[in-house]
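# Structural characterization, general
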Amino acid sequence: MQEQEPIEHKPGTFCVTSRDPGSSARTGWLQTAHGVVETPVFMPVGTQGSVKAMAPHEMEDLDFHIILGNTYHLNDRPGMEIISAAGGLHKFMGWNRAILTDSGGFQVFSLAKLRKISKDGVEFRSHNDGSKHFLGPRESMAIQRILGSDIAMLFDECPPYPCTRDYACQAVERTLSWAALCAEQPRAEGQLVFGIVQGGLFEDVRAECAKALVGMNFDGYAIGGVSVGEPDQLIIPGVEAGIANLPWEKPRYLMGVGGFAQMVESIARGVDMFDCVMPTRVARNGTAVTRMGRISMRNATCKLSFAPIEEDCGCYACRHFSRAYIRHLLNVNEVLGIRLLTIHNLYRYNDFMKEIRAAIRNGTFEDIRTYCREMNSAKSAF
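For every chain, the first residue of its written sequence is number 1, and the numbers climb from 1 along that sequence. Since the coordinates come from a predicted model, pLDDT governs what is reported: local features require at least 70, and pairs of side-chain atoms require 80 or more to be given and counted, while whole-chain, interface and lining totals use all residues. Where side-chain values are given, they derive from all heavy atoms of the structure, hydrogens and water being excluded.

### Structural notes on the overall build of the protein
For the record, the criterion: The secondary structure listing takes helices from DSSP runs of H or I that are at least 4 residues long and strands from runs of E that are at least 2 residues long, numbered from the N terminus. Our radius of gyration looks at C-alpha atoms and nothing else; its globule reference is 2.2 Å times the residue count to the power 0.38. With a 1.4 Å probe rolled over the protein chains alone, any residue whose accessible area is under 20% of its type maximum counts as buried; one over 50% counts as exposed, and the rest are partly exposed. Residues count as neighbours in contact if any of their non-hydrogen atoms are within 4.5 Å of one another. Per-residue accessibility takes into account occlusion by the displayed protein chains alone, with areas from the Shrake-Rupley method and a 1.4 Å probe. His is not counted, nor are the chain ends, whereas Lys and Arg count as positive and Asp and Glu as negative. We put the charge of a Lys on NZ, of an Arg on CZ, of an Asp on CG and of a Glu on CD.
In terms of regular secondary structure, the protein is built from 15 helices and 16 strands. Since a compact globule built from 382 residues should have a radius of gyration of about 21 Å, the 20 Å found for the protein is in line with a globular shape. Across its three principal directions, the C-alpha atoms of the protein cover 60 × 50 × 45 Å. Counting the 382 residues in the protein, one finds 54% classified as buried. Long-range contacts, defined here as pairs at least 24 residues apart, represent 64% of the contacts in the protein between residues at least 6 apart. Split by element, the accessible area of the protein, about 16300 Å² in all, is 49% carbon and sulfur. Each charge class in the protein can be summarised by its mean position, and for the 40 positive and 43 negative side chains these summaries are 5 Å apart.

This is the structure in structure tokens:
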């Protein structure tokens, strides 16, 4: 397939540029109001308006072109009055590339207290100070419009794991009702809106949800409610059930999944976009992500190791510092240790996606897939 140059297209244009002959893996690009995003892509999570421990220019240096913000948390603090006065989230946080904002629905159901669900949305108490709030499809889209994100997610209900079939059906019914309301709301200039497929572990319920959302003609589609506590072996079946009825010509986004093996298997099934807190969260716990699995930098084996975190890694941390030094920083609670691990982990994730895109283009994707399966079987936390 001949690649189409991603130049001066309107936001929402999505082009598939190459396909893997042995699977549904594909490369492509998505035009947003703040630039082109190549896919498959990993999107770092910047819940509070920053990717933890990283400045925006460092994210640019790592060659990330899209990050996440969160409607629930940003509305809670600092609030829309401040972000609106700043001119939107891009200007407030000094990031000139693309932003995807979650709707806040997941946090309402996972963090908030004393929830009361109605057809209009959810009344809840803040996890921060206990104050009473209401968030529904109209409110979520209004907040995301003020934020000015490039991609806004519809307000949905993510059923927990485990849940009954009746509960999953009720959650999908609410999600579809709210999706229709989200579709009617005004958007920021150039803002795209993605639908979210829910349905728990019930394949037919997910199929019903996907078909109904596709009928509403969103700019892209996400698979939600995966990796919410279910065993690892159920994650990929959930992806398959979610993606089966989504259109080929629009981007597909798997929410909250960040294990290398899980991402590769999902890409093989046609997923284009991922997000996860994993690279920054494990860095704060002193863990490095490498091609050979995760390494605890606090281990005694690193004490006298003057090798980099990972051989042949081009990140700033690996080019300049040793495992022994980073272990020392962690042990004396110097924040630089966490920053260096965060830089390395984010570099590794982005470089991994570049390797996957290149492999799909040159026909060697199956080699990466086999390697990840072997590493996962060896229980290397891959």
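### Points about the pattern of salt bridges
Under the convention used in this document: We count a salt bridge whenever a side-chain nitrogen from Lys or Arg sits within 4 Å of a carboxyl oxygen from Asp or Glu.
Counted under the stated rule, the structure contains 18 salt bridges. Of the charged contacts, one joins Asp-63 and Lys-354 as a salt bridge, the two residues approaching to 3.0 Å between their closest N and O atoms. One end of the pair, Asp-63, is in the loop between helix H1 (56-61) and strand E5 (66-70); the other, Lys-354, is in helix H14 (residues 335-362), and 291 residues separate them in sequence. Taken together, the shared-partner salt bridges connect Glu-240, Glu-265, Arg-269, Glu-366, Arg-369 and Arg-373 into one network.

### Observations regarding the layout of surface pockets
Applied cut-off: The pocket and cavity definitions rest on a 1 Å grid over protein atoms only: a 1.4 Å probe that fits but cannot leave marks a cavity, an open set with protein on both sides within 12 Å along at least five of seven lines marks a pocket, and residues lining either have an atom within 4 Å of a point. Grid points are joined across faces, edges and corners, and a volume is the space filled by probe spheres set on the points. Under the scheme applied, nonpolar residues are Ala, Val, Leu, Ile, Met, Phe, Trp, Tyr, Cys and Pro; charged residues are Asp, Glu, Lys and Arg; polar residues are all the others, including Gly.
In this structure, the largest pocket spans a volume of roughly 740 Å³. Contributing to the lining of the largest pocket are 33 residues, with Phe-106, Gln-107, Gly-256, Asp-275 and Val-277 lying nearest its centre. Its residues assigned to classes, the lining of the largest pocket comprises 14 nonpolar, 15 polar and 4 charged. Quantified by volume, the second largest pocket comes out at close to 370 Å³. Together, 18 residues line the second largest pocket, and Asp-232, Ala-261, Gln-262, Asn-376 and Phe-382 are the ones closest to its centre. Of all the elements in the fold, those that place two or more residues in the lining of the second largest pocket are helix H10 (260-267) and helix H15 (365-377). Taken together, the residues of the lining of the second largest pocket break down into 7 nonpolar, 5 polar and 6 charged.

### Focus: the state of the cysteines
Note the cut-off: A pair of sulfur atoms, both from cysteines and within 2.5 Å, is called a disulfide here.
Across all of its chains, the model carries 0 disulfides by this definition. Looking at the unpaired Cys-315, the closest cysteine sulfur is the one in Cys-313, lying at 3.6 Å. Its relative accessible area of 1% is what places Cys-315 among the buried residues. Cys-276 provides the cysteine sulfur closest to Cys-372, a residue in no disulfide bond, and the two sulfurs are 15 Å apart.

### A word on the environment of Asn-75
Along the chain, Asn-75 turns up in helix H2 (residues 71-76). Residues Asn-75 and Asn-217, spaced 142 residues apart in sequence, show a C-alpha to C-alpha distance of 27 Å. Those residues in contact with Asn-75 that lie beyond four places of it in its chain are Met-80 and Ile-143.

### What about the side chain of Thr-287?
Within the fold, Thr-287 resides in strand E15 (residues 287-290). Looking at Thr-287, the relative accessible area reads 15%, which means it is buried. Discounting residues that sit within four places of it in the chain, Thr-287 has contacts with Val-282, Arg-294, Ile-295, Ser-296, Leu-341 and Asn-345.

### Here's the deal with empty space enclosed by the protein
Here the structure, examined in full by the defined rule, presents 2 cavities of 30 Å³ or more. The space that makes up the largest cavity amounts to roughly 80 Å³. For the lining of the largest cavity, the secondary-structure elements that each account for two or more residues are H2 and strand E9 (132-135). Grouping the amino acids of the lining of the largest cavity by side-chain chemistry returns 4 nonpolar, 3 polar and 1 charged. Empty space within the second largest cavity amounts to approximately 60 Å³. Gly-258, Gly-259, Phe-260, Met-278, Val-289, Thr-290, Gly-293, Arg-294, Tyr-349, Ala-381 and Phe-382 are the residues that line the second largest cavity. Every element with two or more residues in the lining of the second largest cavity is listed here: E15 and strand E16 (293-296). The residue makeup of the lining of the second largest cavity, split by class, is 6 nonpolar, 4 polar and 1 charged.

### Remarks on the packing of helix H9 (residues 235-243) against H10
Let me state the cut-off plainly: Lines fitted to C-alpha atoms define the axes, with helix axes restricted to the stretch in contact, and inter-axis angles between N-to-C directions lie between 0 and 180 degrees. For classification purposes, an angle smaller than 35 degrees is called roughly parallel, one larger than 145 roughly antiparallel, one from 65 to 115 roughly perpendicular, and anything else oblique. Here a crossing is taken to be left-handed if its near helix is turned anticlockwise relative to the far helix by less than a right angle, and right-handed if that turn runs clockwise.
Between H9 and H10, the shortest axis-to-axis distance is 10 Å and the interhelical angle comes to 30°. Of the possible angle classes, the one that applies to H9 and H10 is roughly parallel. The handedness of the crossing between H9 and H10 comes out as right-handed. Facing Ile-235, Ile-236 and Val-239 of H9, the residues of H10 in contact are Gln-262, Glu-265 and Ser-266.

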